[in-house]
Structures are given as C-alpha cells and as structure tokens.
Amino acid sequence: MAVDDSAKPPDAGNNRSAEKGLAQYTAGELQQIRDEFASSKMPLCPRCNVAMTRREIGGGSFGLGYARHRDWLICGKCRRSAIFDIQRGTRT
C-alpha cells in the first residue's frame, strides 16, 4: 500500500541539523573578525563584506573580582553578530 505524502511540507522529516550552524559565524570567521578588531580595524562581515557596527557592553564586577568590557560587533546587512572580550582574549 502506497503512502500519500502530498499533505506533508516538502522538508517534513528531513534532518536539518546541517543547516542549524548557518545562522552563526564559523570558528574561522570569528577568528578573522577578532583579529581585525584587535588590530584596531573595524572588521568586515565575512559573509556579506559589509563593515560591522560596534556596540560596547559594560558591566560591573558583580562579585567576579573584575569589571568586564565586551564589544558586540553586528553586521547591518545579515544581522549576524559576535561578542568579544578583547582585553581578556576570549569570545563570550
């Protein structure tokens, strides 16, 4: 007996796990952004080649023993973003 799949959406049942990572930058892209920003250049989005916008994210120590200073870099075209604590050399 044949099953009628015409009522299902075209992608129903397909594994979309390979597509989940596309919305985020890859580790290599994040490293490229970090390197450009750390060298005092405003980085270009690796996907769109558009200058990214910087927003500072401050924060008190809140018992951590240090005050964090993070930078949020946002692509104005594709809206992807990356947050770095450049002084500590980490991605947050």
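Given the structure is predicted, the values throughout are model-derived calculations rather than measurements. (Residues numbered from 1 in each chain as written. Predicted model: local features only at pLDDT ≥ 70, side-chain atom pairs only at ≥ 80, totals over all residues. Heavy atoms only, no water.)

### Structural notes on the overall build of the protein
Secondary structure assignment for the protein yields two helices and four strands. Counting helices and strands in the order they occur from the N terminus, the protein gives α-α-β-β-β-β. Put simply, the protein has 92 residues, and 18% of those count as buried. Here the protein displays about 6700 Å² of accessible surface, and carbon together with sulfur accounts for 50% of that area. (Helix = DSSP H or I, 4+ residues; strand = E, 2+ residues; numbered from the N terminus. Buried < 20%, exposed > 50% of the residue type's maximum accessible area, 1.4 Å probe, protein only. Areas by Shrake-Rupley, 256 points an atom, 1.4 Å probe, with all protein chains shown as cover.)

### Structural notes on the packing of aromatic side chains
Enumeration over the complete set of coordinates arrives at zero aromatic pairs. Here Arg 55 stacks its cationic end above the ring of Trp 72, 5.8 Å away from the centre of that ring. (Phe/Tyr/Trp six-rings, centres within 6.5 Å; stacked < 30°, edge-to-face > 60°. Lys NZ or Arg CZ within 6 Å of the ring centre and 35° of its normal.)

### Let's talk about unusual backbone geometry
Of note, the phi angle at Ser 40 is positive, near 70 degrees, even though the residue is not glycine. Relative to the assigned elements, Ser 40 resides in the loop between helix H2 (27–38) and strand S1 (52–57). Residue Ser 40 is classed as exposed on the basis of its relative accessible area of 70%. We note that Asn 49 has phi near 60 degrees; this positive angle belongs to a residue other than glycine.

### Here's the deal with the pattern of salt bridges
Considering all chains together, one arrives at three salt bridges under this definition. A salt bridge links Arg 47 to Glu 29, with the nearest nitrogen and oxygen atoms 2.8 Å apart. With a gap of 18 residues between them, Arg 47 in the loop between H2 and S1 and Glu 29 in helix H2 connect regions that are remote in the sequence. We classify Arg 47 as partly exposed; its relative accessible area is 30%. Put simply, Asp 71 and Arg 54 hold a salt bridge, and the shortest N to O gap is 2.7 Å. Taken together, the residues Asp 71 in strand S2 (residues 70–75) and Arg 54 in strand S1 connect sequence positions 17 residues apart. A relative accessible area of 3% means that Asp 71 is categorised as buried. Look at the salt bridges and you will find they share partners, linking Arg 54, Glu 56 and Asp 71 into a network. (Salt bridge = Lys/Arg side-chain N within 4 Å of Asp/Glu carboxyl O.)

### Section: the side chain of Glu 29
Look at Glu 29 and you get buried, because its relative accessible area is 14%. A distance of 2.8 Å separates a polar side-chain atom of Glu 29 from the backbone nitrogen of Thr 26. A polar side-chain atom of Glu 29 sits 2.8 Å from a polar atom in the side chain of Arg 47. Not counting chain neighbours up to four residues away, the residues in contact with Glu 29 comprise Gln 24, Pro 46 and Arg 47. (Polar contact = N/O pair within 3.5 Å; in protein donor to acceptor, adjacent residues only side chain to side chain. Contact = heavy atoms within 4.5 Å.)

### Structural notes on the state of the cysteines
Counted by the stated rule, this structure contains zero disulfides. Take Cys 45: it sits in no disulfide, and the sulfur closest to it among the cysteines is that of Cys 75, at 3.7 Å. Look at Cys 45 and you get buried, because its relative accessible area is 2%. Left without a disulfide partner, Cys 48 is nearest to the cysteine sulfur of Cys 78, which lies 3.6 Å away. (Disulfide = S-S within 2.5 Å.)

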